[in-house]
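What follows is each chain in one-letter form.
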Amino acid sequence: MSTRTGPAGGHRVLVPALSATMTLGPREVRHLHVLRVQVGDMLRVFDGQGHEALAVVTVLDDTRAELALGSTLVGVAETPHPLTLAAALLKGDKLAEVVRAATELGVARVQLLITARADVREIGAQKLQRLSRIAAEAAKQSRRAVVPLVMEPIPLHALTWEGQLYVAQPGAATRIVDALDWTAPVTILTGPEGGLTDEEVAGLTARGAQAVTLGPRILRAETAPVALLGAIAALGR
């Protein structure tokens, strides 16, 4: 059977694991039909854990597709140690945009937080699943081989971390680019609309966190994590 890259040559498919033969379900099959994929086309497959390869479509019908594993690929480089975004719950669809941007900017996981001034105290299972799907789609689009884990909300006081924790805090004197140390995992933390309370910041710094500046302007709660992650991404690590 001959193969071609054709119009779908750049399409990436998320699979549970890379194996000699992989079967796709209805959701991905519909997408393949929209892209006019045919039997014999070459696609990219990735497992969300950092592994990526080429694969050939061997079976494609209305509800099922089978792929045969080809050669492995080198994915987009990840940060030297895992990067976590700890973000306060936000109203409406703001979290979706934060998760999308955070995925593109290299986070390994998103830990949602319940904070004192949060307008939202919980999210349902369906919304959490939707955020996970958004992370998967963003990983496909940005050519990452890692899909960040979106974790259910926990109270701020229950947050634990490895390595360093940097808290976005207006008025702080330290810049993230000056403080960042990649000898250990990194977590950045951003608050809700209205910000973290002084007590919350003090509690975090007492446990070893470092407050960092967002610059001279007051940023919206959905802008702050993107600004911090963008600054980290600009360092090229």
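One can find the structure itself at the top, above this paragraph.
Residues numbered from 1 in each chain as written. Predicted model: local features only at pLDDT ≥ 70, side-chain atom pairs only at ≥ 80, totals over all residues. Heavy atoms only, no water.

Engineer: Even after reading the chapter, I still don't get helix α6 (residues 224–233), so can you show me in this structure?
Structural biologist: Of all the residues in α6, the buried ones are A224, P225, L228, L229 and I232. Projection of α6 onto a plane perpendicular to its axis shows the buried side chains occupying an angular sector of 120°, all on one side. At its buried positions, α6 is contacted by β6 (83–88), α2 (94–104), β9 (164–168), α4 (176–179), β10 (186–190) and β11 (210–212). (Buried < 20%, exposed > 50% of the residue type's maximum accessible area, 1.4 Å probe, protein only. Helix = DSSP H or I, 4+ residues; strand = E, 2+ residues; numbered from the N terminus. Arc of directions from axis to C-beta. Contact = heavy atoms within 4.5 Å.)

Engineer: It is not clear to me how the layout of surface pockets should be interpreted in this structure. Could you clarify?
Structural biologist: In this approach a probe as big as a water molecule rolls over the atoms, and the regions it shows empty are the leftover space. In this structure, the largest pocket encloses a volume near 240 Å³. Counted by class, the lining of the largest pocket contains 9 nonpolar, 5 polar and 3 charged residues. (1 Å grid on protein atoms, 1.4 Å probe; cavity = no way out; pocket = protein on both sides within 12 Å on 5 of 7 lines; lining within 4 Å. Points joined across faces, edges and corners; volume = space filled by probe spheres on them. Nonpolar A, V, L, I, M, F, W, Y, C, P; charged D, E, K, R; others polar.)

Engineer: Explanation requested: unusual backbone geometry in the structure shown.
Structural biologist: A negative phi angle characterises most non-glycine residues, just as the trans form characterises most peptide bonds. Backbone geometry at R36 places phi at a positive 60°, although glycine is not the residue there. Unusually for a residue other than glycine, R143 sits at a positive phi of about 65°. Mapped onto the elements, R143 comes out in the loop between α3 (125–142) and β8 (149–155). The partly exposed category is assigned to R143, whose relative accessible area is 37%.

Engineer: Got a minute to help me understand empty space enclosed by the protein in this structure?
Structural biologist: Taken as a whole and assessed by the stated rule, the structure comprises 1 cavity of 30 Å³ or more. The calculated volume of the largest cavity comes to roughly 30 Å³. Lining the largest cavity are L89, L90, K91, D119, P192 and E193. A per-class count over the lining of the largest cavity returns 3 nonpolar, no polar and 3 charged.

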